[in-house]
Amino acid sequence: KNDGTVYALAALMSESPLAGAPEVVPPAALVTISAICGWIYTFAWAASFYPQAFLNWRRKSVVGLSYDYVAFLLVGVTIYGIYNNVFYFNTRLQQDWIAAYGPPIPVMLNDVIFANHGIILSYLIFSQLFFYERDPRERLSLFARVVNVAIGVALLLQVILCLAGAETWLTLTQAMGVIRVGIVVVQVLPQIWKHYKEKRTDGWSIWGIFLDIIGSIFSFLQQFIDAIAAQNWAVAFGSPAKILLALVILLLDTVFIIQHYVLYRNPAPISAHYDKLSEDEETPQNVSKEGQMT
């Protein structure tokens, strides 16, 4: 199983046994700080969807936005939503987690709200692809199609194994969290590549990046505060989805900032590039008309 190393690491770092450990009553101050951190990162990450949606609406255009990015975003937030909702509302799964790692469970109410909100906003951004101006060259790549289909097949096989009793539902749920982390890496690569190829970041909102960074920092803080309060480092390391997600987002957001403020700070406007493309496509027709006029 791919989570065996995580189980071992959690067992080594925890001061008490994983199973049957007495429940630790955390200090009220740490509980409060954890809750504050949780809601801050929830609002920051939730708000990070709005700048791109607003930019698309204001420009009435999605030129500059990678279709692959949107496709991976949809798949990723959907999987992450299932991961959080199942963990939070399924009592049996929570009992399995506590038996393996000890309390508390790694998903809180703010995680559920963030995930569900992200699903709604992601589908809103997806719908904008059909109503606003598009770059005629932009297509969903074969790579994106293959990866998304492979993810669906892998999860389906995991479900079949769980139904057959060969795997546990806890393992499947944790795998979904890890897959979500992998999708975060994959989903932004097409957008980063698009910026590199076109030497511009027009059509991509940098404000969502700053909100991502704020959310990642406070997600880190909550993970470690919860681990300290529970005296159980499995809270931070037993379920890697949230902490890996924060790490990956911080790294990739740094790349976007460098592209926007350093590498492609003063590019030609993307509208000019798009107009030139349109003019090139219309050149034969224009020449024909000029010939008739002459």
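Our subject is the structure that appears above.
These remarks concern the structure in this document. The numbers attached to residues start from 1 for each chain and follow its sequence in the written order. Local features are withheld for residues below a pLDDT of 70 in this predicted model, meaning they are given only at 70 or higher, and side-chain atom pairs are given and counted only at 80 or more; totals for whole chains, interfaces and linings count all residues. Based on all heavy atoms of the structure, the side-chain values leave hydrogens and waters out of the count.

Section: the pattern of salt bridges
The cut-off we apply is this: Salt bridges are defined as contacts in which a side-chain nitrogen from Lys or Arg sits within 4 Å of a carboxyl oxygen from Asp or Glu. Secondary structure elements are taken from DSSP: a helix is a run of H or I of four residues or more, a strand is a run of E of two residues or more, and numbering for both begins at the N terminus. Using a 1.4 Å probe on the protein chains alone, a residue whose accessible area is under 20% of its type maximum counts as buried, one over 50% counts as exposed, and one in between counts as partly exposed.
One pass over the full model with this rule turns up five salt bridges. Its salt-bridge partner being D96, residue R92 comes within 3.5 Å of it at the nearest N-O pair. Pair noted here: R92 and D96 are both in helix α5 (residues 91-101), with a separation of four residues, about one helical turn. Taking the relative accessible area as the measure of exposure, R92 reaches 57% and is therefore exposed. Close ionic contact of E198 with K194 constitutes a salt bridge, the shortest N to O distance being 3.2 Å. In this pair, E198 and K194 both sit in helix α8 (residues 169-198), four residues apart, roughly one turn of the helix. Given a relative accessible area of 14%, E198 falls into the buried group. In this structure, a network of salt bridges that share partners links the residues D135, R137, E138, K194 and E198.

Some words on α8
Rules: Expected helix span is taken as 1.5 Å per residue step, with the number of steps being one fewer than the number of residues.
Taking 1.5 Å as the rise per residue, α8 with 30 residues should run 44 Å; its terminal C-alpha atoms sit 44 Å apart, in good agreement. K199, located one to two residues past α8, shows a positive phi value of around 55 degrees.

With respect to the packing of aromatic side chains
Convention followed: Planes of paired rings set the category: under 30 degrees apart is stacked, over 60 is edge-to-face and the rest tilted, where pairs are Phe, Tyr or Trp rings (Trp by its six-membered ring) whose centres lie within 6.5 Å.
Summed over the entire model, instances satisfying the criterion amount to 17 aromatic pairs. Taken together, a centroid distance of 6.1 Å and an interplanar angle of 65 degrees make the contact between F72 and F143 edge-to-face. Taken together, the residues span a long stretch of sequence, with F72 in helix α4 (residues 67-89) and F143 in helix α7 (residues 142-163) at a distance of 71 residues. Since its relative accessible area comes to 0%, F72 is described here as buried. Overall, the relative accessible area of 48% leaves F143 in the partly exposed class. An angle of 80 degrees between the planes, with centres 5.2 Å apart, marks the rings of F126 and F130 as edge-to-face. Highlighted residues: F126 and F130, both in helix α6 (residues 109-131), separated by four residues, approximately one helical turn. For F126, a relative accessible area of 30% puts it in the partly exposed group. The exposed category is assigned to F130, whose relative accessible area is 53%.

As for the packing of helix α2 (residues 28-47) against α6
Spelled out, the test is: Angular values range over 0 to 180 degrees, each being the angle between N-to-C directions of two axes fitted as lines to C-alpha atoms, with helices fitted over their stretch in contact. Any angle between 65 and 115 degrees counts as roughly perpendicular, while under 35 counts as roughly parallel, over 145 as roughly antiparallel, and the rest as oblique. Between two residues, a contact is recorded if the distance between any of their heavy atoms is within 4.5 Å. Under the scheme applied, nonpolar residues are Ala, Val, Leu, Ile, Met, Phe, Trp, Tyr, Cys and Pro; charged residues are Asp, Glu, Lys and Arg; polar residues are all the others, including Gly.
Relative orientation of the contacting elements α2 and α6 amounts to 5 degrees, with a least axis distance of 9 Å. Taken together, α2 and α6 sit at an angle that is classed as roughly parallel. Across from G38, W39, Y41, T42, W45 and A46 in α2, the residues of α6 making contact are L109, N110, D111, I113, F114 and H117. When the residues that make up the contact of α2 with α6 are grouped by side-chain class, the tally is seven nonpolar, four polar and one charged.

Considerations on the environment of E133
Along the chain, E133 falls in the loop between α6 and α7. Spatially, the C-alpha atoms of E133 and S61 are 4.3 Å apart, while their sequence positions differ by 72 residues.

Considering the packing of α4 against α8
Just so we agree on the cut-off: Should the near helix be turned anticlockwise from the far one by less than a right angle, the crossing is termed left-handed; should it be turned clockwise, right-handed.
It is at 8 Å that the axes of α4 and α8 come closest, and there the two elements cross at 160 degrees. Between α4 and α8, the angle falls in the class roughly antiparallel. As for how α4 packs across α8, the hand of that crossing is left-handed. Residue composition of the contact of α4 with α8, grouped by class: 18 nonpolar, six polar and two charged.

Here's the deal with α7
The cut-off we apply is this: By construction, the arc corresponds to the directions joining the helix axis to the C-beta atoms.
For α7, which comprises 22 residues, the first-to-last C-alpha distance of 32 Å matches the rise-based estimate of 32 Å (1.5 Å per residue) to within 8%. All of the buried residues in α7 are A144, N148, I151, L155, Q158 and C162. Projected onto a plane normal to the axis of α7, the buried residues spread over an arc of 85 degrees and lie on a single side. Exposed side chains of α7 directed beyond 90 degrees from the buried face belong to L142, V149, L156 and L163.

Comments concerning the side chain of Q158
Tracing the chain through its elements places Q158 in helix α7. When residues no more than four places from it in sequence are discounted, the contact partners of Q158 are E167, L172 and A175.

The values are spatial; any link to function lies outside them.
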